[in-house]
Amino acid sequence: MKIRIKILLLILLLVSVAVAGMIAGFTAIQGSQIQSIQSKRLDLIMSRINREASEALDAKDDLMLLSYLRFEMRQYREIELGLVTRGGHTSILGHAGADLIYRTTTAGAQGEEPITIQIGFSRAELDGQVHEANIALLRLALAIGAIGLGLGLAGSLWASRKLAGPVARLSSAVEKFGKGDLSVSVDIKGQDEIAVLADSFNRMAANIRESVTAKEDLLSTLTHELNNPLAGLKAYLALLKDPMRVSTLQDTRQAYDTMAEAIGQMELTLSNALELF
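The following refers to the structure shown. Not measured: the values here are computed from a predicted model.

Points about helix α3 (residues 123-178)
A rise of 1.5 Å per residue sets the reference length of α3, with its 56 residues, at 82 Å; its end C-alpha atoms lie 77 Å apart and thus fit the reference within 8%. At A164, α3 is deflected by roughly 40°, the largest bend along its length, and proline P166 occurs up to four residues later in sequence.

In structure tokens form, the structure reads like this:
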């Protein structure tokens, strides 16, 4: 697997974990706020009913309060039962369900008999409202998560290209250099470890190029230095093969001396070359 893909996957994993954490935190906070908002909503309803009861007392009209309660029960679906008690008499609006949440409020001026109002809220209706709010919250969280992942993916692609690009160029240069292209170099700027490694590679490649060039020059010089004695040896060998061209023993000895000198020169040249290598 290429390093660019590894970097991309790593950044995507980090982004996914961060987004998941943000969604979880957002959902938890908003979930608690939903419960708080619902409780405040019930308090607001009871406050409205208390104010309406006070108005009915001021008007000395009990039927007005019952009318108010019927209106509130139509307005708020969660109100399933209303009990209005005054002077030992209780008026019942709605019906008593099996699972109700009761809230009670009392209204009345000083010196007057108070009115006690007990409201039964449907737990199923309240739970349904919370469920709907949670579904909407979940959709919002998923939308935020999708946007976050999209931005994370775009950022990951950019970051992986930015981080892996120098490594890929360096890897390509090393591969070409290994195949014999000694002219290759890497242009990576910066002060990070990849830039330092690229600079080291460029220096190593330059040193190798200089070494190869020096050896090629040495081989060329060595070839030239060996060709001259070899040419002399070939000439004298050809001379010795023809007895008619060697008239005296002195000529033969001179030929052998010259050949020995040429061989000595060749040995010296090769010895010097080996020391340089």
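Examining a nonpolar patch on the surface
The grouping of L10, L13, L14 and V17 at the surface amounts to a nonpolar patch, some 410 Å² of accessible area in total. With respect to the secondary-structure elements, L14 resides in helix α1 (residues 3-59).

Some words on the nonpolar core
In terms of nonpolar packing, the biggest core is built from 21 residues, with L65, L69, I79, I117, I119 and F121 touching the most fellow members. Contributing elements (two or more residues each) for this core: α1, α2 (62-75), β1 (79-86) and β4 (115-122). In terms of residue count, α1 provides more of this core than any other element does, 7 residues in total. Leaving out residues up to four positions away in the same chain, I119 has contacts with M46, I49, L69, I79, L81, G82, I101, Y102 and R103. The next biggest cluster of nonpolar side chains, apart from the first, holds 10 residues, and it includes A173, F177, A195 and F201.

What about the sheet that holds strand β2 (residues 89-94)?
With respect to topology, 4 strands assemble into an open sheet ordered β2-β1-β4-β3, the strand pairing being antiparallel. Two strands in the sheet have a free side with no partner beyond their single neighbour: β2 and β3 (100-107). Between one strand axis and the next, the sheet turns by 15° as a mean value, whatever way the strands run. Alignment of β1 against β2, held across 6 bridges, turns out to be antiparallel.

Conventions used here
- Residues numbered from 1 in each chain as written.
- Predicted model: local features only at pLDDT ≥ 70, side-chain atom pairs only at ≥ 80, totals over all residues.
- Heavy atoms only, no water.
- Helix = DSSP H or I, 4+ residues; strand = E, 2+ residues; numbered from the N terminus.
- Expected span 1.5 Å × (residues − 1).
- Bend = angle between axes of the 7 residues up to and from the residue.
- Patch = residues over 30% accessible without salt bridge, like charges linked within 9 Å, V, L, I, M, F, W, Y side chains within 5 Å.
- Areas by Shrake-Rupley, 256 points an atom, 1.4 Å probe, with all protein chains shown as cover.
- Salt bridge = Lys/Arg side-chain N within 4 Å of Asp/Glu carboxyl O.
- Core = buried A, V, L, I, M, F, W, Y, C linked by side-chain atoms within 4.5 Å.
- Buried < 20%, exposed > 50% of the residue type's maximum accessible area, 1.4 Å probe, protein only.
- Contact = heavy atoms within 4.5 Å.
- Pairing = 2+ DSSP bridges.
- Axes fitted to C-alpha atoms, helices over the stretch in contact; angles between N-to-C directions.

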